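Structural features, examined
Listed below are the residues making up each chain.
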Amino acid sequence: MALHIGCIGCGSMGGALMGGLARQGGYHLSGYNRTPERMRPLEELGVRRLHSPSAVAEVADVLLIGVKPRQVLPLLREVRSALRRETLLVSVAAGVSRRRIVQAVDARCPVVRCMPNTPALVGMGVFALCLEDDLLSEEDREVLRQIFARLGTCVELAENEFPAFSALMGAGPAYAFSMMQGLVQAGVTLGFAHREARRMVAALFSGSAMMAEQSDEALQQLRDNVCSPGGLTIAGVNVLDRAGLTGILVDAVAAAHARAREMED
Ligand SMILES: NC(=O)c1ccc[n+]([C@@H]2O[C@H](COP(=O)([O-])OP(=O)(O)OC[C@H]3O[C@@H](n4cnc5c(N)ncnc54)[C@H](OP(=O)(O)O)[C@@H]3O)[C@@H](O)[C@H]2O)c1
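Here the structure is a predicted model, which is why all the values come from computation and not from measurement.

1. Topic: the environment of Leu29
Examined against the element boundaries, Leu29 turns out to sit in strand β2 (residues 28-32). Taking the C-alpha atoms as reference points, Leu29 and Val253, separated by 224 residues in sequence, lie 37 Å from one another. Residues in contact with Leu29, not counting those within four places in the same chain, are His4, Ile5, Met18, Leu21, Ala22, Gly46, Val47 and Arg48.

2. Some details on the site of the ligand
Neighbouring the ligand are 22 residues; Met13, Asn33, Thr35, Val67 and Thr118 lie closest to it. The side chain of Arg38 places a nitrogen or oxygen atom 3.0 Å from an oxygen atom of the ligand. Coverage of the ligand by the protein amounts to 83% of the 880 Å² it exposes when considered alone. Cavity membership is defined here by more than half of the atoms lying within 2 Å of grid points; on that basis the ligand lies in the second largest pocket. Those elements that place two or more of their residues in the shell around the ligand are α1 (12-24) and α4 (69-79). Counting residues per element, the shell around the ligand draws most heavily on α4, which supplies 3 residues.

3. Remarks on the environment of Ile8
Turning to its location among the elements, Ile8 is positioned in strand β1 (residues 4-8). Ile8 sits in the buried class, given a relative accessible area of 2%. Beyond its immediate stretch of four places on either side in the chain, Ile8 contacts Tyr32, Pro53, Val56, Leu63, Leu64, Ile65, Gly66, Val67, Leu75 and Val79.

4. Notes on the domain arrangement of the chain
Where the parts come together, the accessible area they lose is often given as the size of the interface. Along its sequence, the chain is carved into domain 1 (4-163) and domain 2 (170-263). Placing a centre on the C-alpha atoms of domain 1 and another on those of domain 2 gives a separation of 33 Å. Taken together, the contact pairs 5 residues of domain 1 with 6 residues of domain 2. It is Asn117, Thr118 and Pro163 in domain 1 that bury the most area against domain 2; as a group they hold 79% of the surface buried on that side. Taken together, the links from domain 1 to domain 2 amount to 0 salt bridges. Taken together, the links from domain 1 to domain 2 amount to 0 residue pairs in polar contact (both at pLDDT 80 or more). In the side of domain 1 that touches domain 2, the residues fall into 2 nonpolar, 3 polar and no charged.

5. Section: the sheet that holds strand β3 (residues 48-49)
Read across the sheet, 8 strands follow the order β3-β2-β1-β4-β5-β6-β7-β8 without closing on themselves; strand pairing throughout is mixed. A single partner strand is all that each edge strand has here, and the edge strands are β3 and β8 (152-156). Inspection of the sheet shows β1 paired to strand β4 (residues 62-65) by 4 bridges, in the parallel sense. Each residue of the ladder has a partner; that of Ile8, found in β4, is Ile65.

6. What about the packing of aromatic side chains?
Using the criterion set out here, one finds 1 aromatic pair in the structure. Pairing Phe127 with Phe148 gives two aromatic rings, centres 5.4 Å apart and planes at 55 degrees, and the pair type is tilted. With a gap of 21 residues between them, Phe127 in strand β7 (residues 125-130) and Phe148 in helix α6 (residues 138-149) connect regions that are remote in the sequence. There is no split in this pair, since Phe127 and Phe148 are both buried.

7. Brief notes about the pattern of salt bridges
A complete count under the given rule lists 11 salt bridges for this structure. Between Asp106 and Arg80 there is a salt bridge whose closest N-O contact spans 3.7 Å. Here the residue Asp106 occupies a position in the loop between α5 (98-104) and β6 (111-115), and Arg80 occupies one in the loop between α4 and β5 (88-91), the gap between them amounting to 26 residues. Put simply, Arg145 and Glu138 hold a salt bridge, and the shortest N to O gap is 3.1 Å. Taking relative accessible area as the criterion, Glu138 reaches 48% and is therefore assigned partly exposed. Within this structure, Glu138, Arg141, Glu142, Arg145 and Glu156 form a network of salt bridges that share partners.

So, how was this worked out
- Residues numbered from 1 in each chain as written.
- Predicted model: local features only at pLDDT ≥ 70, side-chain atom pairs only at ≥ 80, totals over all residues.
- Heavy atoms only, no water.
- Helix = DSSP H or I, 4+ residues; strand = E, 2+ residues; numbered from the N terminus.
- Contact = heavy atoms within 4.5 Å.
- Near = heavy atom within 4 Å.
- Polar contact = N/O pair within 3.5 Å; in protein donor to acceptor, adjacent residues only side chain to side chain.
- Areas by Shrake-Rupley, 256 points an atom, 1.4 Å probe, with all protein chains shown as cover.
- 1 Å grid on protein atoms, 1.4 Å probe; cavity = no way out; pocket = protein on both sides within 12 Å on 5 of 7 lines; lining within 4 Å.
- Sits in = over half its atoms within 2 Å of the grid points.
- Buried < 20%, exposed > 50% of the residue type's maximum accessible area, 1.4 Å probe, protein only.
- Domains from an automatic or database assignment.
- Buried area = accessible area lost by both parts, 1.4 Å probe.
- Salt bridge = Lys/Arg side-chain N within 4 Å of Asp/Glu carboxyl O.
- Nonpolar A, V, L, I, M, F, W, Y, C, P; charged D, E, K, R; others polar.
- Pairing = 2+ DSSP bridges.
- Phe/Tyr/Trp six-rings, centres within 6.5 Å; stacked < 30°, edge-to-face > 60°.

What follows is the structure, encoded as structure tokens:
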């Protein structure tokens with residue numbers, strides 16, 4: 001029988017996850033959102049809209065919690081009595097520890113913490129999954145791995161590695177967008193229309209990412225391959241090295257990591 005995946009809080013992230021799963025097919029999907037109209041696009045993809053959070057908790061084999069971090073614990077107390085020992089409860093809330101979630105649901109079911117990043121909104125997310133709960137069977141873990149593998153790239157981490165993941169991957173799109181912004185600005189400086197520069201820079205990042213993923217060569221080598229001796233690329237790359245771009249990125253991630261550790265409860 002097909003697995004039933006439910007989601008309470010179908011906003012940007014909950015909606016993206018459910019939308020991604022609906023497009024893949026193969027699951028029964030249902031959800032509840034405080035503002036019902038926000039679920040309309042999901043309903044059009046075949047997600048059933050239920051009338052309350054508890055109604056979703058009652059039917060779901062896998063229950064995704066997609067509300068804002070401050071709303072998670074009150075919501076879980078509300079639906080606690082509908083949870084069964086077999087319900088796989090998955091929270092995507094940033095900074096809400098497994099310990100607090102387990103407490104809120106009186107350890108009635110296994111609790112999984114998941115940290116997505118924003119490209120999940122376009123079906124290309126990187127997901128950290130913490131599958132440490134002793135109540136999870138190996139079969140449960142496999143079910144969860146399969147669900148998130150269908151939505152993007154999935155890594156399994158201990159919960160104490162989540163701050164590092166958040167600093168690198170959660171914040172990562174902001175680093176990438178900053179670099180893209182700089183290149184778009186450079187393109188406009190050279191006379192390209194803003195829209196054209198942005199389109200080209202987006203394609204540059206997608207293409208370079210694809211090359212990095214498909215090639216066995218070191219990133220340094222891929223970079224050297226573009227730099228002909230005495231050519232224009234090495235002239236540009238020398239400026240990046242003199243400014244210390246690599247060190248700046250390392251420092252940025254380290255600063256985000258320090259902040260992430262402060263924010264984790
Ligand atoms: N967005 C991201 O890139 C991102 C990345 C990593 C983690 N996350 C995590 O994802 C979670 C959701 O973030 P988001 O950006 O998707 O926020 P969002 O767009 O505001 O979605 C939250 C949704 O929860 C609904 N909601 C609130 N209380 C509810 C309740 N009691 N019952 C049912 N629905 C309820 C809201 O309904 P209304 O429509 O009525 O407001 C809203 O649609 C957060 O915990 C966040 O930490 C998000």
